[in-house]
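Fold and contact review
These are the residues of each chain, in order.
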Amino acid sequence: MRGRLQLSGYAWSIGAAAVATLAGVAMQARFDVVNIAMVYLLAVVIVALRYSRGAAIATAILSIAAFDYLFVSPRGTFSVQDLQYLLTFAIMLAVALIVSRLVESVHRQAAAQASLAIEAETERIRSALLASISHDLRTPLAIMAGASSSLAESGDRLDPAERHALAASVFRQARDLSEQVAKVLQMTRLETGAMRIERDWTSLGEIVESVLARLRERLASHRVIIELPDDLPLVRVDATLVEQALGNLLENCAKHTPPDTVVRVRAQRRPDDVVVIVEDYAGGLSDADFARLFAKFHHGTAEGVGGGVGLGLAICRAIVRVHEGQAWAERIPGGGTAFRFTLPLEAAPAMPQETAAG
Amino acid sequence: MSNARATVLVVEDEPEIRRFLRAALGVEGYRVVESATGRRGCIDAGTHKPDLAIVDLALPDLDGVDVIRRIREWSPMPIIVLSARIQERAKIEALDAGADDYVTKPFGVGELLARVRAALRHAVRPASGVSRLCFGDAMIDLEHRRASRAGEDVHLTPIEFRLLATLARHAGMVVTHRELLTQVWGPPHAADTHYLRIYMKQLRDKLERDPVRPAHLVTETGIGYRLVTDE
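Since the model is a prediction, treat every value here as computed from it, not as a measurement.

On to the overall build of chain B, then. Each helix and strand counted, chain B has eight helices and twelve strands in total. With respect to the principal axes defined by its C-alpha atoms, chain B has extents near 50 × 40 × 30 Å. Counting every position in chain B, which comprises 231 residues, the buried fraction comes to 52%. Taking as baseline every contact in chain B between residues at least 6 positions apart, the subset at least 24 positions apart corresponds to 59%. By element, 51% of the accessible surface of chain B is carried by carbon and sulfur atoms, the whole surface being about 10,100 Å².

Here it is as structure tokens:
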């Protein structure tokens, strides 16, 4: 991209010098040679303002050459009779240098300011993330400490049902906590680029299957409908990561919609990619919550609404992004949310034909 | 069958984890031998001749994968690996080095005990000894190379049958992509995972009650497949 921009800068040098020369030829009958020099100077300034220093210098040199050859006597040669034109040439070159230097320093300042803004934003996200994480971690820890200490200190005085309930709660909270920690770790690795993705041919059907198995308890109170076309092509992705992306979306739907509502998982083949869609049909969120949820998904910020939900969506988005796909969310008219992400399709791998005889 | 006095070797450096493993395995009637280091584990595996080993992958002295390799040099005893979630690669390495199954930390004891039972069942019967296998509506006759679902014959292609038979030989346990591909298509195809995706779908379509949510031909994402039979 940058290379192309620089090349086009030099193209503009040639163009600007050519235009100035045409203008000079048109002017020479009625205007003084000094004014023609001014036209060349204008060309140099314009290129210096818009393109690189190299392009500005190139314009100056081309302009000097053309001006000298066509308009400074003796015409048709590069020699100079009147030595004061040498000063004109020097000034053209100097203007090219000074203007492009000014432009460069303005650009540098703007870039510095932008990176400061990004740093501030990153810092803001990081502290919001830390705040939400510590909340999300502390709650299960508090429950585990309380339940397990009750068991340790007065277990023998509790009736068996209560004992069992407390122990089960420690187990459940430990599982959730472990999920949270894994998510934080994952987000960090995704954000710092430390995540190595291992692509392999994968079936979306199997990914859906294993997400449903992993989240069986959490989705138990919802009606999950799976609609995958039978001829869905294989995708070359990191199955573990995509499984997580899809799982995070499903968890999010389960968390934000009332029990017994429908969550639908669909996939559509398009010419260059596959779209995976997770929809719920319950408008259980207030408009403000909704806006926040969308912002998190669209901008990938990781503030938690509670229960690490924001983190889940941000991770989903980051995972889709490392696969060169897109993730977005839409509001479904009549209530509900559609989360969609794409995974690019690659040419299907060769598959040997097996003779039907068996 | 009864494994009431089966001996289980636990190679794990974290004493608190050994404590609950000892309790859970003890309650089930297993005799437990504990080793806190990899080297100790290799020695105990030789002296105590356990029926099964549970090996943590993150040991202070030896790599868990090395422990598995050393045990495999002389013993076919089932080995179950304990691994942390971020050790995806190590998990696959351990399975390819000869471990039979894995449990990811943190795990519930129920999950571990189910794996232990499946692994011991697998060890007790000779590798080719089981000729009939039932799961869900499906019945597989390995000896006569026949399969049926809900009493009706199902036609399986030779490759489908080989794939199913490989999973059946490790019934209840995970089989890695590499191992399945090597066994069914041969070593040159060890990385052609897409073969598995396609043939597993065909098997599910033919044998599962609900192929979209298979209960028996189960995917272990990023690792392999598991045939879950009725215990």
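Residues and elements named next belong to chain B. In this structure, the amide linkage connecting K105 to the following residue, P106, adopts the cis form with an omega of -5 degrees. With respect to the helices, strands and loops of the structure, P106 is situated in the loop between strand 5 (101-105) and helix 5 (109-124). Backbone geometry places K49, a non-glycine residue, at a positive phi of 45 degrees. Even without a glycine there, the phi angle at A150 is positive, about 50 degrees. With respect to the helices, strands and loops of the structure, A150 is situated in the loop between strand 8 (146-149) and strand 9 (152-154).

We now examine the side chain of D238 of chain A. All names here are of chain A. Turning to its location among the elements, D238 is positioned in the loop between strand 3 (235-237) and helix 8 (239-256). Here E198 takes part through its backbone nitrogen, which lies 2.8 Å from a polar atom of the side chain of D238. Excluding residues that lie within four positions of it along the chain, D238 makes contacts with R196, I197, E198, R199 and H323.

Each partner contributes to the interface: chain A provides 34 residues, whereas chain B provides 30 residues. Both sides together, the interface formed by chain A and chain B hides about 2,600 Å², and carbon and sulfur atoms give 52% of it. A per-residue breakdown of the area chain A buries against chain B is headed by E206, E209 and E354 of chain A, which together make up 24% of the total. Note that R197 of chain B and E206 of chain A form a salt bridge whose closest N and O atoms lie 2.7 Å from each other. For the pair chain A and chain B, the number of links is 13 residue pairs in polar contact (both at pLDDT 80 or more).

This part covers the sheet that holds strand 6 (residues 132-135) of chain B. Residues and elements named next belong to chain B. Reading across from one edge, 6-7-8-9 is the order of the four strands in this open sheet, with antiparallel pairing throughout. Two strands lie at the open edges of the sheet, namely strand 6 and strand 9, each paired on one side alone. In this sheet, adjacent strand axes meet at a mean angle of 25 degrees when their direction is disregarded. Where strand 7 (residues 138-141) and strand 8 come together, four bridges link them in antiparallel fashion. In the sheet register, M139 faces strand 8, and the bridge partner there is S148. The strands that helix 6 (residues 158-169) touches are strand 6, strand 7 and strand 8; relative to strand 7, the one it contacts most, it runs at about 95 degrees.

Residues and elements named next belong to chain B. Spanning 13 residues, helix 1 (residues 15-27) covers 18 Å between terminal C-alpha atoms, matching the ideal 18 Å at 1.5 Å per step. What helix 1 keeps buried is the set I17, R18, L21, A24 and L25. Down the axis, helix 1 shows its buried residues gathered within 135 degrees of arc, on one side only. Positive backbone phi, approximately 95 degrees, marks G29, located one or two places after helix 1.

The next thing to look at is the domain arrangement of chain B. Residue and element names in this part refer to chain B. Here chain B is described as being made up of domain 1 (7-124) and domain 2 (132-227). Facing the twelve residues of domain 1 at the interface are eleven residues of domain 2. For the pairing of domain 1 and domain 2, the buried interface totals around 1,000 Å² over both sides, and the portion due to carbon and sulfur atoms is 56%. Broken down residue by residue, the surface that domain 1 buries against domain 2 is led by D96, Y102 and H122, which jointly contribute 39%. Taken together, the links from domain 1 to domain 2 amount to two salt bridges. We note a salt bridge from D101 to R226, for which the minimum N-O separation is 2.7 Å. For the side of domain 1 that touches domain 2, the elements supplying multiple residues, two or more each, are helix 4 (88-96), strand 5 and helix 5. Ranked by the residues each element gives to the side of domain 1 that touches domain 2, the list is headed by helix 4, at five residues. In the side of domain 1 that touches domain 2, the residues fall into five nonpolar, one polar and six charged.

Cut-offs applied
- Along each chain, numbering runs from 1 in the same order as the chain's sequence is written.
- Lettering of chains starts at A and numbering of ligands starts at 1, both following the order in which they are written.
- This being a predicted model, a pLDDT of at least 70 is required before a residue's local features are given, and a value of 80 or more before pairs of side-chain atoms are given or counted; all residues contribute to the totals for chains, interfaces and linings.
- Hydrogens and water molecules were not included; the side-chain quantities draw on all heavy atoms of the structure.
- Here a helix means four or more residues in a row that DSSP labels H or I, a strand means two or more in a row labelled E, and each is numbered from the N terminus.
- The classification of residues rests on relative accessible area computed with a 1.4 Å probe and restricted to protein chains. Under 20% of the type maximum is buried, over 50% is exposed, and intermediate values are partly exposed.
- Residue contacts follow a heavy-atom distance rule, with two residues in contact if any of their heavy atoms lie within 4.5 Å.
- Here the accessible surface of atoms and residues is derived via Shrake-Rupley with a 1.4 Å probe, and residues count as covered only by protein chains that are part of the display.
- Distance and chemistry together define a polar contact, namely a pair of N or O atoms within 3.5 Å, with one atom able to donate a hydrogen and the other to accept it when in protein, and with adjacent residues in sequence counting only for side-chain atoms on both sides.
- What gets called buried area is simply the loss in accessible area from a 1.4 Å probe that two parts show on being joined, summed for both.
- By definition here, a salt bridge exists when the distance from a side-chain nitrogen of Lys or Arg to a carboxyl oxygen of Asp or Glu is within 4 Å.
- DSSP-based pairing: two strands are paired if at least 2 bridges between them are found.
- The axes are straight lines fitted to the C-alpha atoms, using for helices just the contacting stretch, and the angles between their N-to-C directions are given from 0 to 180°.
- What a helix should span is 1.5 Å times the count of its residues minus one.
- The arc under discussion is defined with respect to the helix axis, by the directions toward the C-beta atoms.
- Domain segmentation is taken from an automatic or database assignment of domains.
- Gly is put with the polar residues, along with every residue not named as nonpolar or charged; the nonpolar set is Ala, Val, Leu, Ile, Met, Phe, Trp, Tyr, Cys and Pro, and the charged set is Asp, Glu, Lys and Arg.

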